[in-house]
Structure formats: C-alpha cells, structure tokens
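# A look at the structure
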Amino acid sequence: MTYKISILLMLCMLVVTPLVSANTKDNVSPATAQYIGSDTCQNCHQTEHKLWQQSDHHKAMQAPSADSVLGDFNNVEVEFHQIKTRFFKSDKQYFVETTNKQGVRQTFDVKYTFGFDPLQQYILDTGKGHMQAFNIAWDTRPKAQGGQRWYHLQPDESITPDHPFFWQRHFQNWNSRCAECHTTGYEKNYQAETNSYATQFAETTVGCESCHGPAALHQTQAKTHQFDANKGFTKLNAKPPVWGFAPKDPIANLVSGKNNQYMQQCADCHSRRLPIAGKTPTIKQNPVDYHDANYLSLMSADLYFDDGQIKDEVFVMGSFLQSKMAEAGVTCSNCHNPHSGKLKLPGNQTCTQCHSAPTYDLPEHHQHKVDSLGSQCVNCHMPARTYMQVDDRRDHSFVIPNAAVSAAIDSPNACLNCHQKEDLSWVAAKLATWPKAKSSPLLATTEHWSNIHLLPSTEQLTFAKQQLSKTSPIVAAKLLEIINRQPSQGSVTLAIEQLYSEEPLLRRAAIDVLRNLPPDQGYQYLYPMLKDPVKSVRFHATALLASWLSQMPETLLPELSFAIDEYKASLLLTADFPTSHLSLANLALAMGDNKTAQLHFEQALTIAPNLPSAMLALADFWRQTNNQTKELAILEKAIVVNHDFADVLHQYGLFWVRKKEYYKAAQWLVKASDLADAQPYYAYVAATALDSINRTKQAIDLLLRANQRWPQQTDLLYSLALYADKTKDKAAIKIALAELQILLPNNPQVQQWLIQNGQ
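Residues numbered from 1 in each chain as written. Predicted model: local features only at pLDDT ≥ 70, side-chain atom pairs only at ≥ 80, totals over all residues. Heavy atoms only, no water.

### What to know about the overall build of the protein chain
For the protein chain, the helix and strand inventory stands at 36 helices and 17 strands. Principal axes of the C-alpha set define a box for the protein chain whose edges measure 85 × 70 × 60 Å. Burial analysis of the protein chain (759 residues in total) assigns 48% to the buried set. Long-range contacts, defined here as pairs at least 24 residues apart, represent 56% of the contacts in the protein chain between residues at least 6 apart. A total accessible area of about 36,600 Å² is found for the protein chain, and carbon and sulfur atoms account for 53% of it. (Helix = DSSP H or I, 4+ residues; strand = E, 2+ residues; numbered from the N terminus. Buried < 20%, exposed > 50% of the residue type's maximum accessible area, 1.4 Å probe, protein only. Contact = heavy atoms within 4.5 Å. Areas by Shrake-Rupley, 256 points an atom, 1.4 Å probe, with all protein chains shown as cover.)

### Here's the deal with the pattern of salt bridges
Counted by the stated rule, this structure contains 24 salt bridges. Here aspartate 162 ties to arginine 169 by a salt bridge, and the two come within 3.9 Å at their closest N and O atoms. Overlapping salt bridges bring together Asp306, Lys478, Glu481 and Arg485 as one network. (Salt bridge = Lys/Arg side-chain N within 4 Å of Asp/Glu carboxyl O.)

### Quick look at the side chain of lysine 535
Within the secondary structure, lysine 535 is located in helix H24 (residues 535–547). For the buried lysine 535, which has no salt bridge, the nearest side chain bearing the opposite charge is glutamate 566, at an N-O separation of 4.6 Å. The contact partners of lysine 535, leaving out residues within four places of it in the chain, are Ile276, Ala277, His291, Asp292, Glu566 and Ser570. (Lys, Arg positive; Asp, Glu negative; His and termini not counted.)

### Describing unusual backbone geometry
Residue proline 118 is reached from aspartate 117 by a cis peptide bond, and omega for that bond is 10 degrees. Relative to the assigned elements, proline 118 resides in the loop between strand E5 (105–114) and strand E6 (119–125). For lysine 92, which is not glycine, the phi dihedral falls at a positive 65 degrees. For lysine 92, the location among the structural elements is in the loop between strand E3 (83–90) and strand E4 (93–99). Located in the positive-phi region is lysine 728, a residue other than glycine, with phi close to 60 degrees.

### Digging into the pairing of strand E17 (residues 391–394)
Consecutive residues of a regular strand have side chains that alternate between opposite faces of the sheet. Two elements, strand E16 (residues 384–387) and E17, share 4 bridges in a ladder whose sense is antiparallel. Its bridge partner being in E17, alanine 384 is matched across the sheet by arginine 394. As consecutive antiparallel partners, E16 and E17 are separated by 3 residues, and within that stretch methionine 388 has a phi angle of approximately 50 degrees, a positive value. (Pairing = 2+ DSSP bridges.)

### As for the environment of aspartate 644
For aspartate 644, the position within the fold is in the loop between helix H29 (628–641) and helix H30 (646–658). Look at aspartate 644 and you get partly exposed, because its relative accessible area is 33%. With 28 residues separating them along the chain, aspartate 644 and alanine 672 place their C-alpha atoms 8.4 Å apart. Those residues in contact with aspartate 644, other than ones at most four positions away along the chain, are Glu157, Leu675 and Asp677.

### A word on the environment of phenylalanine 621
Within the fold, phenylalanine 621 resides in helix H28 (residues 612–624). The buried category is assigned to phenylalanine 621, whose relative accessible area is 3%. In the structure, phenylalanine 621 is positioned 531 residues away from serine 90 in sequence and 50 Å away in space, judged by C-alpha atoms. Setting aside its immediate chain neighbours within four residues, phenylalanine 621 contacts Leu589, Asn594, Ala597, Gln598 and Phe601.

### Re the packing of helix H33 (residues 696–709) against helix H34 (residues 714–727)
The N-to-C vectors of H33 and H34 enclose an angle of 145 degrees; their axes lie 9 Å apart at closest approach. The chirality of how H33 crosses H34 is left-handed. Side by side, H33 and H34 meet where Thr696, Ala699, Ile700, Leu703, Leu704, Ala706 and Asn707 of the first sit next to Leu716, Leu717, Ser719, Leu720, Tyr723, Ala724, Lys726 and Thr727 of the second. Taken together, the residues that form the contact of H33 with H34 break down as 10 nonpolar, 4 polar and 1 charged. (Axes fitted to C-alpha atoms, helices over the stretch in contact; angles between N-to-C directions. Left-handed = near helix turned anticlockwise from the far one by under 90°. Nonpolar A, V, L, I, M, F, W, Y, C, P; charged D, E, K, R; others polar.)

### Remarks on the packing of helix H27 (residues 594–607) against H28
Orientation of H27 relative to H28, taken along the N-to-C sense of each, is 155 degrees, at an axis distance of 9 Å. Of the possible angle classes, the one that applies to H27 and H28 is roughly antiparallel. Once H27 is placed against H28, the crossing between them reads as left-handed. Across the interface between the two elements, Asn594, Ala597, Gln598, Phe601, Ala604 and Leu605 from H27 touch Ala614, Met615, Ala617, Leu618, Phe621 and Trp622 from H28. (Parallel < 35°, antiparallel > 145°, perpendicular 65-115°, else oblique.)

### Re the packing of aromatic side chains
Enumeration according to the criterion identifies 28 aromatic pairs in this entry. Connected via pairs of aromatic rings, a cluster forms that spans Phe73, Phe87, Tyr94, Phe108, Tyr122, Phe134, Trp138, Trp150, Phe166 and Trp167. For the cation-ring pair, arginine 508 lies above tyrosine 295, with the distance from its terminal atom to the ring centre recorded as 3.8 Å. Geometry around tryptophan 668 places lysine 671 over its ring, the cationic atom sitting 4.6 Å from the centre. (Phe/Tyr/Trp six-rings, centres within 6.5 Å; stacked < 30°, edge-to-face > 60°. Lys NZ or Arg CZ within 6 Å of the ring centre and 35° of its normal.)

Don't take any of this as a statement about function, it's just geometry.
Rendered as structure tokens:
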C-alpha cells in the first residue's frame, strides 16, 4: 500500500505546477529564421505564384489597406444586440469603436483583414497579445444577392459582454482558434501565468511555405543547383496519385502514387481537430502521421448528422474520410488545383475525370434534364450547408440521398434543396419510380451504412458487424458509437476486437465503448493501448485510464506515469484552451490532488470566464469538496449568463434535489429537458422528479415528447410504462410496450405489463 501511495505522489508531481507556459519563445526558433516568404518563391516559380494569388489562401489574412479592406469604414454605425458599433478611418488607419468585455465603449485598431469571400472579418488587438476576430462581419456578396452590409455572426443569441460568444471572449480569440491556419510559420507563444501571448509568424497569410515547409535551405540549394533528395524541404514532397480507366470500367482505377502524405498536407488545417504534438519540421513518411500530431474529431452528434452529413463546421477532412473516394486513394489535388485552390475543371468535368461521362453524365443516371441544377453531380452528392449565414460549403462525403434515413433521424436531404415545396414522402415516392438495379446496373449500390437507423436496436449490432469492414475507419467508428447507445455484451465484444484494428480511428472508438466496463475489467484491455504506435490513440486511452487510477493494480502505475506525462505535455500545447485545463483538473482529481485541480478549474475560467462547461466543472468540484455556498454561487451565475444551456439548468436542478427542495428542482429539470441541446437522460431525470412530487401525468406527457425526440431509449420507455401503469394510462403504456417488447424481450416486468394489457 505504501508503494502505491508513493507512485500516486510521483504522478501528482506531473501536474503540481499547472500553469506552465506552452510554446514559449525559449523553446522554439524565431518564426522568420527558416522562412523566406512567398514573394521570394515567385522568382523561380512564377506560374505557381500567379495561381496562388488567385486563391483563398492568398487572401486568408492581410494587413488592412484600401485594397484589402472590403467593409464600409466611412464612419458607419450599426447596432446589434443593443450594442452600437462604429466603423471609421483616420489617416489611412481602420478602427472599430464598440463595447468591450467590461461593458465600456472603446476604440480598437484593425490589425488584419480575415477572409474576403463571401464575408470578411476584422482582427482587433485587445491587449496582452490577444487578437480577437470581431463578430460583426462584412457581407462581401453583391448587393443584388443581399450583400454589401454589416451583419452579426450570432444573430439569434442574446449577446452581452458576459456571454461566451461575445467578441472579446475565448471563442473569438484569433491566437488560439484561427491563426495557425491563417498564417505561415506560426508560433503561438502563450504565457499561461499571465494569460498573454507573444505570437509570431513568418508570413501574414497562407503562403507557399505553409504547405511545402520552410524554404531557406531549398533556396540555398537552388543557388548551386545541388539539391538533396527532398530539395531542401522538411516536408516530404509527395507525388500525386495517377488514375486510369480499365476497359469497360466506367470508374477510374488507381494506377500509381497512392499515399496519405499528399492529402495530409491539407488535412492539418482542413479538419476539426485538437493539436497534440508540436510542429517540429521533419520529413515524415509514416502514413498515420496526421494522427500522431492531431486528435481528429469523430462523427459526434454535435458535428455531424447521424448519417454522416455535415452539421457544424468540420472543415472537409472528416466528411471526406467517409467517402469511397478517400478509401480508393483520391486526394484533394485530384479535384482542386493545389496552388489556386479552384476546381480543375468546370461543372461535371471535375467528376468525369474518374466517373466516365458516357456512363454517369446522362439523364439515365441523374434523372434530370441536361444542364439543369439536378444534373450537376455536386447538387445530389455534395449538398451545401450554409455557415456564418452566407458561406455555403459542400459536404465531401459524397452520399446518395436517402429519404427513409432522413425521415428516421431528421437529417437533411439533398433533393429538398431544390424541391423546396415538397417533403420526404414525395422524395421517397419519386425515387421509387427511378430505374431499379435490374434494368440499370449504374444505380446498383451496396447497402449504405446509415441504414442502421432503419433497424430496431436488436438488429443494429449484426448490421454493424457486417458493415465495419466495408466502410471507412471514421464511419466504422461511428457505427461503434451507434451500437453503444444501447450497451450490450455484444457491443463490448465487438469493441475489444477493434482494439487490434490497423486503423487508429477505430481503435479510439473502441476505447469509448469500453468506458462502460467496470474499471477492474476495463483496464486489462485498455492498458496495452498506452503502447499504441499512434499518439492520438495513446492520448485517448490515457485520458480514460487516468480516471480509473485509484482502482488499477500497483504494478501498472509506473508505466502509466509515463503515459500521463505524454498526455499532460499534449494538453499543455493548448494551454490557452479552457478545455485543456478541465482535462488537467480531472487528471489532478484522479490523483487526489484537489489543490492543483482547483487551480486548473480557475485557470479555465480565467481564459473563458462564462464558459458553461468550465462553470459547471468548478461547481461540481465545490460539490465534491462539500462547499455548497460556492457551488450555489457559481451555479446561480451560470443560470443568468447561460440560461439557454441544458447542462446548466440540469445541474442547477440537481443542486435543489440534494437540498430536498423537490418542487424547485423539478421546475429546472423540466426546463433543461426541453432545451434544444438536452439529452435523453435529462428527460428521464425530469420525469422522475415530476413523479416524486405527484405530477405523474406531467411526467408521462414529458416522456411521450421525449420518445418522439429520442426513439428507442430504454430508460425513457421503461419509465413511461411504469408511470402509465401507475395512472392506468392505456394509450401511453401501449406506446411504451410496443418498443419495450423489442428492446427488452426477456425483462420480467415488461412481460408482466404485456400480459396485463393483453399484448
């Protein structure tokens, strides 16, 4: 026992100095040392430089000037959310006068323009190195399209200086959330002790060296015409894949050149991810290097619809990885010119490079008139979703519209983008009239993985097993997540098998399923993952195992300490993220170090004072340490600032449950369950609270609404049956039992209810 305590103390030392600077100036080389700038590159690469000047990359960020500033700064005043803002110029400088986070009027210099089409934002310096992306943007579209106006990026939020989405808060911080992918040679240089930045970069926009790496050595070698194998670059200069048509095959096949490196040059920025490794320039040839440097966001419900279509901004990579194209070896440069960023060919010609026009670019395939919107491949297979109100971005998963799945999970359907007066039943009827696979082999397709949503939960596991080997790794990871919504021994067994998959994303997803196991069982499967060859998998496994620390055998603790050291170092790369401090706080709690945990919780709120997750985490810390006064104080502040966040209302309701003020608790729990970001468990708790104060009829009504919103949830249906039986509500119990006899066929209570109700 003494040995175990000493090991835990050693682990605690890894987090006992929590506010360590990340990416400080002392441990990185100056940003300009190895970079020569895009204008230097044009001396030898004039064609590529000219193409680059036409690209979005070239105008990703620019110094403000009469040429780069597109917004109206002619002393224009606008008002959004009861906050007045004035845009004006003085001596060729651009300024924004608005309300700051203290609620006081202040004038800020415009340091940079940010983007140019179809909108432009402006970067303002707010002191201590903090650069903020102002969230009143200029709509650069022509006036005839509704453009040439100032508009607010969060029109439906009640934005105040205290709100997390206020422009001077963390979500609008340029240094942490934007700069790495809008500059070249970026060095964050965050100082955690003072919550300040000394940010540096080599070039103000996305230049040649963003993709090719620092070019100083290349330039030196060019002068003597004596190049090394990689021509002086630190990034591997991958060759693009080559495609060709086999006889009678309407789809091109890979001839040579398949590699992940070519696409990964784009993926660092064009993906929703957390950086977990530094940017030390080295030549890497490992095909999973992206997953060593980044923790890619999987297909979670907040980012993607349940059929894989894009919901939030995911920046292409996560959706493209779902596609058959990615699996076959297609890369970004097959469709886009890598220097201009534009499509290589107009219209369907981009697609018919690999999908034979005599086969696919015909009415027999797309079932629309030639040259109509419906005949364009992208409108069916790459439907657009609008972000920031005016910015249409196309889905890159290349799906086939499925009306049944869209109806089952309330996801978008591409057909309705054009046929806006119709509904999904019309789409299904129309598709039923199209030529079937017998008469038209072109339409024959394998069963799409999203059809899992059309199956009862009892059949989903078998379907997932069949599909895992047929789909991409990111989709396979999604299938594991779906079957884990109804945990079973079968889902756990399948997850254990995937721990040995060759795909890091699938190994990560398997770890999530095993969270359901008791720690004394789960660690035996997860502990070997600490030696996984891919860093993102080790990062994920360590995060889970750290929470089980006190229940793990003593013999495993020394090796776990090295994993925790790596995990902590990865989190400190994003020490300016409140979420990183929440993870470090949870790590400290697992080690029994409450003092360090408190420091991390407080640092998270220093970075993002009103972030709901940070406020709730600190409130829960005070609950665990029996400080109800501080717990209530932060919850009451959270309720005021984040009154439309379900998590906040739910946790506030639970506080009153513990205080045995059940009527007050039920009020807040019910409100939480009705909000857009609620989850099924909140409805279950709210219904339980209502029943406890003899409002069982209201509990039944709430559960009926919840069942419509979240079908096939065992806990919700069981509670519905329980309360319906209690009140003799035959209609409600009939609804519940129709599902429960499938979900829980061997449950004795369900069988008894079925007999009682003649089913």
